[in-house]
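Fold and geometry: a report
Residue strings, one per chain:
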Amino acid sequence: MQHFNPSTILYTPDALNERGKRALLTYPEAIQQEIKQHNRLPELEGNHYQVKSNVLVLGRLKTLVCRESGRSSDFIAPSLANGCMGACAYCYVDRNKAVNPITLFTNTEEILLAVDKHVQQQAWPKVPNQTHAQFYTYDIGCNSDVSVDASISDSVETAVHFFREHPKAFATFATKFVNPQMLTYDPQGKTRIRFSLLPRKVSKLVDVRTDSLEKRLAAINDFYQAGYDVHVNFSPVIVYEGWLDDYRELFEQLNEVVHPNLKKQMDCEVIFLTHNQWQHNINLSINPKAEDLIWAPEIQESKKSQFGGINIRYQYQLKAGWINDFRKLQQEVIPWCTIRYIF
Ligand code: SF4
């Protein structure tokens, strides 16, 4: 995994608990600057992508709310972090933000306490659903990439240990990185890692600064053997001439690498691309080749998002047909990898 090595750290005074202070010590060369609010940053040097790799923000998360999810998980936990050093062309985490450096929320214990309070209010035993038959599932990586966060502080390790010991709660996150440090966390089956997979040539173009498809595939069995519940996340599915042939190749690669025992329990989720008008305009100057692939107005339709931006999705009826095609291919090549949901 590319090493995150910020040259500037901005911090709010209330973020400097032990974890915050350790983060400052981890990057002794970095310029340190106190700020008043983690979400009101001073003018930063460099463009959006430079800021993602050069700047770290340390803050304290004050809004400790668990939100409903219903797809990847039952609930979305309060964020351990926000932002990512990756630069994926379609990433919703960055959408509508002029700059979005990684912000690490150092009050991990408070965040986990909020999860505990929340899960204790749920009916028990849980009614089994596609996210988990027994435990309430909390996505801990909706606004960042947890594998990157784990390279910056012990917040992810702390979270994995919390979920390991918890009688009702279960953690889950999708990732496009491979962080071998996490193999030592001993989750004992209470954290699900969902490796995000796209066909190789597409991934090379749109998953900028993430780990390669080969690395993600090669890590699957290692994480399983280290005690993670491992799933795969086919997201985003991008449609172009020959896309199904590329997915056939990807499924064959997956079929080849996954250990037979893991095949008995590995499921997947499938999410077709959602793009965004604002992001398209920014990408045109930075990664125009990716835009050739993900901006296809003749097969897409727009929808105003809840945050006011214009999101772009594949036309409903076309997508219904492609979902059928995807399901058929999955049944043919990797029937053991049950689709938890597809849209
Ligand atoms: S790895 Fe995930 S969070 Fe990071 S830029 Fe890519 S899609 Fe966004």
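The shown structure was predicted, so the numbers you read here are calculated from the model rather than taken from an experiment. (Residues numbered from 1 in each chain as written. Predicted model: local features only at pLDDT ≥ 70, side-chain atom pairs only at ≥ 80, totals over all residues.)

1. A word on the site of the ligand
Within the structure, the ligand sits among Cys84, Gly86, Ala87, Cys88, Cys91, Val93, Asp145, Lys176 and Thr210. Counted by class, the shell around the ligand contains 5 nonpolar, 2 polar and 2 charged residues. (Near = placed C-beta within 6 Å. Nonpolar A, V, L, I, M, F, W, Y, C, P; charged D, E, K, R; others polar.)

2. Structural notes on the environment of Gln265
In this fold, Gln265 is placed in the loop between helix 9 (260-263) and strand 12 (268-272). Among the residues examined, Gln265 registers 13 C-beta atoms within 10 Å and is labelled partly exposed. Linking Gln265 and Ile342, residues 77 residues apart in sequence, is a C-alpha distance of 18 Å. (Helix = DSSP H or I, 4+ residues; strand = E, 2+ residues; numbered from the N terminus. Buried ≥ 20, exposed ≤ 12 C-beta atoms within 10 Å, placed from the backbone.)

3. Things to note about the pairing of strand 9 (residues 169-175)
On any regular strand, side chains alternate: one points to one face of the sheet, the next to the other face. Within strand 9, 7 of the 7 residues are buried, leaving the element largely enclosed by the surrounding structure. On strand 9, burial covers both faces: Ala169, Ala171, Phe173 and Thr175 on one face and Phe170, Thr172 and Ala174 on the other are all buried.

4. Some remarks on the sheet that holds strand 2 (residues 31-34)
In space, the 5 strands of this open sheet follow the order 2-1-3-7-6, with mixed pairing throughout. Unpaired on one side and paired on the other, strand 2 and strand 6 (81-82) mark the two borders of the sheet. Direction of pairing for strand 3 (residues 55-59) relative to strand 7 (residues 102-105): parallel, over a ladder of 4 bridges. Opposite Gly59, over in strand 7, you have Phe105 as the bridge partner. (Pairing = 2+ DSSP bridges.)

5. A short note on the packing of helix 7 (residues 213-225) against helix 8 (residues 243-257)
The interhelical angle for the contact between helix 7 and helix 8, taken along N-to-C directions, is 30 degrees, at an axis separation of 10 Å. Overall, the two elements helix 7 and helix 8 adopt an arrangement that is roughly parallel. Here helix 7 runs over helix 8; the crossing is right-handed. Only Gln253, Leu254 and Val257 of helix 8 make contact with helix 7, whose side of the interface consists of Leu217, Ile220 and Asn221. Class assignment for the residues of the contact of helix 7 with helix 8 results in 4 nonpolar, 2 polar and no charged. (Axes fitted to C-alpha atoms, helices over the stretch in contact; angles between N-to-C directions. Parallel < 35°, antiparallel > 145°, perpendicular 65-115°, else oblique. Left-handed = near helix turned anticlockwise from the far one by under 90°. Contact = placed C-beta atoms within 7 Å.)

6. Some details on the pairing of strand 3
Where burial is concerned, most of strand 3 is hidden: 5 out of the 5 residues are buried. In this structure, strand 1 (residues 8-11) lies alongside strand 3, joined through 4 bridges in parallel fashion. Opposite Ile9, over in strand 3, you have Leu56 as the bridge partner.

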